[in-house]
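# Per-entry structural report
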Amino acid sequence: MKQEQPFIYQRDRTKATKLTKQEILDDLKAFSEKCRTRSFTTRQYDKWKDRRITSGSITKIYGSWSKAMQEAGLKSTRAWKRDIKDLVETFKRCWVDQKSEPTKQQFEDYLKRTNSPYTIKSYTHYFGSLGRLAQRIEDRQNERISDAQLYERHKPSKVRKPLPLDLRYTILQRDKHRCVICGASPSTDPSVTLEIDHIIPVAKNGSDSPDNLRTLCHACNQGKKDRIE
Ligand SMILES: [Zn+2]
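Quick look at the structure, then. (Residues numbered from 1 in each chain as written. Predicted model: local features only at pLDDT ≥ 70, side-chain atom pairs only at ≥ 80, totals over all residues.)

### Quick word on the overall build of the protein
- When helices and strands are counted, the protein shows eleven helices and two strands.
- Written out in order from the N terminus, the α and β elements of the protein read α-α-α-α-α-α-α-α-α-α-β-β-α.
- Here the protein holds 229 residues, and 12% of them are scored as buried.
- Long-range pairs, those at least 24 residues apart, make up 53% of the contacts in the protein between residues at least 6 apart in sequence. (Helix = DSSP H or I, 4+ residues; strand = E, 2+ residues; numbered from the N terminus. Buried ≥ 20, exposed ≤ 12 C-beta atoms within 10 Å, placed from the backbone. Contact = placed C-beta atoms within 7 Å.)

So, in structure tokens, the structure goes:
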């Protein structure tokens, strides 16, 4: 009797390669278009419910995520981070070159002279302003901030000026010290607090003009916020 061959336990890996390389690249491009970004991470890609292949399989087929992204004409996130580093280095070189912090005009000239792919806008978009970047470079040198903080995107703060007191009072008078929605008033219910509300929110460029202002009680104002958010 012939001896039976021992069973070989082997997992089927063809599932990962059912797509052609071109189809994989098409999927990466489709995701890029859907998200309107040329740079995304494996984690973001894997959350896409229409994907036909996992990022892990793509990485196996292409050797690395950034290689696959490159083939698709996209940028891997790491490459994008390298660009930010390059932005900073370019500004530092100009600063060293002229031995003093470059003004906007000086830096603009420098970018042109060195045929840099960047513009002042590349900087202000990412860092808020050249002055902010200069501050960070100085802070980094004095070890007041980390590398991560140096390369972080600037987030504009949403500090807004309080309404002038006299304007606030004018609106309260006009609305007879009552919430214009529910009529609540501190004169009849001491637990009511009145607030001046921007009908078109400040965040959406609503103005401080009286016709954009109204008196609301705290509860109604909260209710409005909940609906908007
Ligand atoms: Zn109310």
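### A look at the pairing of strand β2 (residues 213-217)
- Most of β2 is tucked away, with four of its five residues classed as buried.
- Where strand β1 (residues 194-198) and β2 come together, five bridges link them in antiparallel fashion. Each residue of the ladder has a partner; that of H198, found in β2, is L213. (Pairing = 2+ DSSP bridges.)

### Examining unusual backbone geometry
- Even without a glycine there, the phi angle at N115 is positive, about 50°.
- Secondary-structure assignment places N115 in the loop between α6 (104-113) and α7 (120-127).
- The class for N115 is exposed, based on 6 C-beta atoms found within 10 Å.

### Structural notes on the environment of K85
- Tracing the backbone through its elements, the reader meets K85 in helix α5 (residues 77-98).
- For K85, a count of 12 C-beta atoms within 10 Å puts it in the exposed group.
- Spatially, the C-alpha atoms of K85 and L150 are 9.1 Å apart, while their sequence positions differ by 65 residues.

### Thoughts on helix α8 (residues 130-141)
- Spanning twelve residues, α8 covers 17 Å between terminal C-alpha atoms, matching the ideal 16 Å at 1.5 Å per step.
- Looking at the residues trailing α8, positive phi occurs at E143, about 55°. (Expected span 1.5 Å × (residues − 1).)

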